[in-house]
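Architecture and fold: a report
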Amino acid sequence: MAAAASNGTPREEEGPAGEVAASQPQAPTNGPGVRLSRLPLARVKALVKADPDVTLAGQEAIFVLARAAELFVETIAKDAYCCAQQGKRKTLQRRDLDNAIEAVDEFAFLEGTLD
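Here the structure is a predicted model, which means the values were calculated and not measured.

1. Considerations on the overall build of the protein chain
Scanning the protein chain from terminus to terminus reveals three helices and two strands. Here the protein chain, with 115 residues, has 14% of them falling under the buried criterion. In the protein chain, the proportion of contacts linking residues at least 24 apart, taken out of those at least 6 apart, comes to 24%. Working note: accessible area of the protein chain is about 9,200 Å², and carbon and sulfur atoms make up 56% of it.

2. Description of the packing of aromatic side chains
Inspection of the entire model under this criterion finds two aromatic pairs. Here the aromatic rings of Phe 72 and Phe 107 are separated by 5.9 Å at their centres, their planes lie at 90°, and the arrangement is edge-to-face. Of this pair, Phe 72 sits in helix H2 (residues 59-86) while Phe 107 sits in the segment after helix H3 (94-103), and the two are 35 residues apart along the sequence. Here Phe 107 falls in the buried class, since its relative accessible area comes to 4%. Ring centres of Phe 72 and Phe 109 lie 6.3 Å apart, and the angle between their planes is 40°; this geometry places the pair in the tilted category. In this pair, Phe 72 sits in helix H2 while Phe 109 sits in the segment after H3, placing the two residues 37 residues apart along the sequence. Each residue in the set Phe 72, Phe 107 and Phe 109 is aromatic and connected to the rest through ring pairs, giving one cluster.

3. Observations regarding the pattern of salt bridges
Enumeration according to the criterion identifies six salt bridges in this entry. Asp 96 is the partner of Arg 89 in a salt bridge, and the nearest nitrogen-oxygen pair spans 2.7 Å. Here the residues in one salt-bridge network are Arg 38, Arg 67, Glu 70, Glu 74 and Lys 78, joined through shared partners.

4. Comments concerning the packing of helix H1 (residues 41-49) against H2
Between H1 and H2, whose axes approach to 9 Å, the crossing angle comes to 100°. Considered as vectors, H1 and H2 are oriented roughly perpendicular to each other. Facing Leu 41, Val 44, Lys 45 and Val 48 of H1, the residues of H2 in contact are Gln 59, Ile 62, Phe 63, Leu 65 and Ala 66. Split by residue class, the contact of H1 with H2 holds seven nonpolar, one polar and one charged.

5. Observations concerning empty space enclosed by the protein
Within the structure shown, the criterion is met by one cavity of 30 Å³ or more. When its volume is computed, the largest cavity comes out at roughly 40 Å³. Surrounding the largest cavity, Lys 45, Lys 49, Val 54, Thr 55, Leu 56 and Ala 57 form its lining. When the residues that make up the lining of the largest cavity are grouped by side-chain class, the tally is three nonpolar, one polar and two charged.

6. Brief notes about the confidence of the model for the protein chain
Of the residues in the protein chain, 70% have a pLDDT of 70 or more, and the chain-wide mean is 80. In this model, residues 1-15 is a region of pLDDT below 50 whose contacts with residues beyond four sequence positions or in other chains number 21 contacts. Ignoring residues within four places in sequence, the model shows residues 20-28, a span with pLDDT below 50, making ten contacts including any to other chains.

What counts and how
Residues numbered from 1 in each chain as written. Predicted model: local features only at pLDDT ≥ 70, side-chain atom pairs only at ≥ 80, totals over all residues. Heavy atoms only, no water. Helix = DSSP H or I, 4+ residues; strand = E, 2+ residues; numbered from the N terminus. Buried < 20%, exposed > 50% of the residue type's maximum accessible area, 1.4 Å probe, protein only. Contact = heavy atoms within 4.5 Å. Areas by Shrake-Rupley, 256 points an atom, 1.4 Å probe, with all protein chains shown as cover. Phe/Tyr/Trp six-rings, centres within 6.5 Å; stacked < 30°, edge-to-face > 60°. Salt bridge = Lys/Arg side-chain N within 4 Å of Asp/Glu carboxyl O. Axes fitted to C-alpha atoms, helices over the stretch in contact; angles between N-to-C directions. Parallel < 35°, antiparallel > 145°, perpendicular 65-115°, else oblique. Nonpolar A, V, L, I, M, F, W, Y, C, P; charged D, E, K, R; others polar. 1 Å grid on protein atoms, 1.4 Å probe; cavity = no way out; pocket = protein on both sides within 12 Å on 5 of 7 lines; lining within 4 Å. Points joined across faces, edges and corners; volume = space filled by probe spheres on them. pLDDT = per-residue confidence, 0-100.

Dropping the structure here:
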């Protein structure tokens, strides 16, 4: 276990084989200036409230939806970028998204949405 140095910062400790082990990274906290979501939560909340079937949505639910949206966009963008690379390009085009949607079964629900 890493001990704290006198200045309050974690210091490295030597392991049994002589190797230096760094302290474990801490999970991000909701302190000032720390953003846990890249999407604006107010915008996500507005989108959720636009659904007439939703009456209340807790802040945790809004955060989880925002995080899921981030992961979804990241995944489809990576897959579309692979399609662009196959065409020897670095710039994503609409056809790359179409190709990613057709190639990945998980995106089948999106087929025809870009038409």
